[in-house]
Amino acid sequence: MHELILHHYPASPFAEKARLMLGFKQLSWRSVIIPPVMPKPDLTALTGGYRRTPVLQIGADVYCDTALIARRLEAEKVTPALLPEGLEFAASTLAQWADSALFLHAVSLMFQPESLAARFAKAPPELVQTFSKDRAALFSGGTVSRIPTEVAKHQWPTLMARLEQQLAREEGEFLLGAAPCIADIAVAHCLWFLRSTPVTAPLVDAYPEIRAWLDKVLAAGHGSFTELSSGEAVEIARAAEPAALPEEDFEDPNGFAVGEQVAIAATDYGVEPVEGQLLFAGAEELVLRREDARAGVLHVHFPRFGFRLDKR
Ligand SMILES: N[C@@H](CCC(=O)N[C@@H](CS)C(=O)NCC(=O)O)C(=O)O
């Protein structure tokens, strides 16, 4: 059996979401630290162009986007459940809201000049420039644009009031009941991000119930992991064979057929397409076969929701 390899970097909120999911399930994994800005040559050898953070690799299978990584980890270890039985819709829909609406507010609040200055206090000015240019490119060409800071500040109390209201329910101390699930982790990574500078931390810490709940979610930790170099990860992919495809029926209402050459790209931001042969299209997942000069034959997996398919 192949090891779970997470390609990530410490300061990334979505990487923190993935690390918390690994901790929640108490899994062991290998940690590959990737650059926080482009270029990322070893990651690109694996994904074929998808640039966002994090990415999960299992042998020659590469899973893009934490929404799909959650489902892959659920298959790896069923309990505790990220998508508890009977709550699949509520949990995944709430997580999707957190990963989009709540996250974009957090990004806007973090990109205020004062918090950026605090975040990059020890970094040389060139690095701040490189980072800002890279993130402008990340948001170009997608359906999503940055929320103006004043709008994010204005709307933030509404988001926090709704969270407080949900946490005040008698059904349990987590968002959807007595146990944490993917919804808690998806909300938590956005607030963890804001807590990382003294300028933005009060946006979370001013709400005692939210603060107490967040501490409980973050207590899941990151599981146990050991370091691996990105070059070694590429070698692992090369030596491995992709896993068998899901058994679900192939489903495409737009006429795409198994084996067709396609490009798959995120629709919101980070829209660099990945080209290859379409092998599978299920309700939640798309699988593409591609060959890389260094990494060999790979199956690259994407969520269906939020990713577009185009002919090549
Ligand atoms: N929907 C994606 C979002 C991932 C995302 O936005 N990641 C950010 C880092 S937190 C990113 O890719 N930033 C640019 C980069 O790391 O190059 C997911 O769930 O994985």
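Residues numbered from 1 in each chain as written. Predicted model: local features only at pLDDT ≥ 70, side-chain atom pairs only at ≥ 80, totals over all residues. Heavy atoms only, no water.

### Overview of the domain arrangement of the chain
It is common to give the size of an interface as the accessible area lost on bringing the parts into contact.
For step 1, the next point in the chain: Segmentation of the chain into domains returns domain 1 (4-80 + 224-311) and domain 2 (88-218).
For step 2, the next point in the chain: Between the C-alpha centres of domain 1 and domain 2 the distance comes to 24 Å.
For step 3, the next point in the chain: With 25 residues of domain 1 at the interface, the matching set in domain 2 holds 25 residues.
For step 4, the next point in the chain: For the domain 1 and domain 2 pair, buried surface summed over both sides reaches about 2,100 Å², with 68% attributable to carbon and sulfur atoms.
For step 5, the next point in the chain: When the area that domain 1 buries against domain 2 is broken down by residue, the three leading residues are P13, L20 and Y269, summing to 27%.
For step 6, the next point in the chain: The interface formed by domain 1 and domain 2 includes two salt bridges.
For step 7, the next point in the chain: For R51, the salt bridge goes to D134, with nearest N and O atoms at 2.7 Å.
For step 8, the next point in the chain: Linking domain 1 to domain 2 there are eleven residue pairs in polar contact (both at pLDDT 80 or more).
For step 9, the next point in the chain: Taken together, the elements giving at least two residues each to the side of domain 1 that touches domain 2 come down to helix 1 (13-24) and helix 3 (66-76).
For step 10, the next point in the chain: The element contributing the most residues to the side of domain 1 that touches domain 2 is helix 1, with eight residues. (Domains from an automatic or database assignment. Contact = heavy atoms within 4.5 Å. Buried area = accessible area lost by both parts, 1.4 Å probe. Salt bridge = Lys/Arg side-chain N within 4 Å of Asp/Glu carboxyl O. Polar contact = N/O pair within 3.5 Å; in protein donor to acceptor, adjacent residues only side chain to side chain. Helix = DSSP H or I, 4+ residues; strand = E, 2+ residues; numbered from the N terminus.)

### Some thoughts on the site of the ligand
For step 1, the next point in the chain: Looking at the ligand, there are 14 residues lining it, with K40, R51, T53, T66 and Y269 nearest.
For step 2, the next point in the chain: Take K40: an N or O atom from its side chain is 2.6 Å from an oxygen atom of the ligand.
For step 3, the next point in the chain: At a separation of 2.6 Å, an oxygen atom of the ligand approaches a polar side-chain atom of R51.
For step 4, the next point in the chain: Out of a free accessible area of 500 Å², the ligand has 95% covered by protein chains.
For step 5, the next point in the chain: Elements represented by at least two residues in the shell around the ligand include exactly helix 1 and helix 6 (125-138).
For step 6, the next point in the chain: Residues belonging to the shell around the ligand are distributed by class as follows: six nonpolar, three polar and five charged. (Near = heavy atom within 4 Å. Areas by Shrake-Rupley, 256 points an atom, 1.4 Å probe, with all protein chains shown as cover. Nonpolar A, V, L, I, M, F, W, Y, C, P; charged D, E, K, R; others polar.)

### What to know about the sheet that holds strand 3 (residues 55-58)
Remark on secondary structure: sheet strands pair via backbone hydrogen bonds, oriented parallel or antiparallel.
For step 1, the next point in the chain: Reading across the sheet, the ten strands line up as 5-2-1-3-4-9-8-7-6-10 and stay open at both edges, with mixed pairing between neighbours. Bordering the open sheet on either side are strand 5 (224-227) and strand 10 (307-311), each of which pairs with just one other strand. The sheet shows a mean angle of 35° between the axes of neighbouring strands, direction not considered.
For step 2, the next point in the chain: Relative to strand 7 (residues 274-281), strand 6 (residues 261-266) runs antiparallel, the two sharing four bridges. (Pairing = 2+ DSSP bridges. Axes fitted to C-alpha atoms, helices over the stretch in contact; angles between N-to-C directions.)

### Observations concerning the layout of surface pockets
For step 1, the next point in the chain: If you add up the space inside the second largest pocket, you get close to 300 Å³.
For step 2, the next point in the chain: Lining the second largest pocket are 16 residues, with Y63, R72, P246, E285 and H301 sitting closest to its centre.
For step 3, the next point in the chain: Among the elements that line the lining of the second largest pocket, the one with the most residues is helix 3, at four residues.
For step 4, the next point in the chain: Its residues placed into classes, the lining of the second largest pocket shows nine nonpolar, two polar and five charged. (1 Å grid on protein atoms, 1.4 Å probe; cavity = no way out; pocket = protein on both sides within 12 Å on 5 of 7 lines; lining within 4 Å. Points joined across faces, edges and corners; volume = space filled by probe spheres on them.)

### Remarks on the pattern of salt bridges
For step 1, the next point in the chain: In the structure shown here, the tally under the stated rule is 21 salt bridges.
For step 2, the next point in the chain: Between R135 and D134 there is a salt bridge whose closest N-O contact spans 2.5 Å.
For step 3, the next point in the chain: The exposure class of R135 is buried, given its relative accessible area of 10%.
For step 4, the next point in the chain: Owing to a relative accessible area of 9%, D134 belongs among the buried residues under this scheme.
For step 5, the next point in the chain: A salt bridge links E275 to R312; the shortest N-O distance between them is 2.8 Å. Taken together, the residues E275 in strand 7 and R312 in the segment after strand 10 connect sequence positions 37 residues apart.
For step 6, the next point in the chain: Three or more residues joined by partner-sharing salt bridges are found here, namely R51, D134 and R135. (Buried < 20%, exposed > 50% of the residue type's maximum accessible area, 1.4 Å probe, protein only.)

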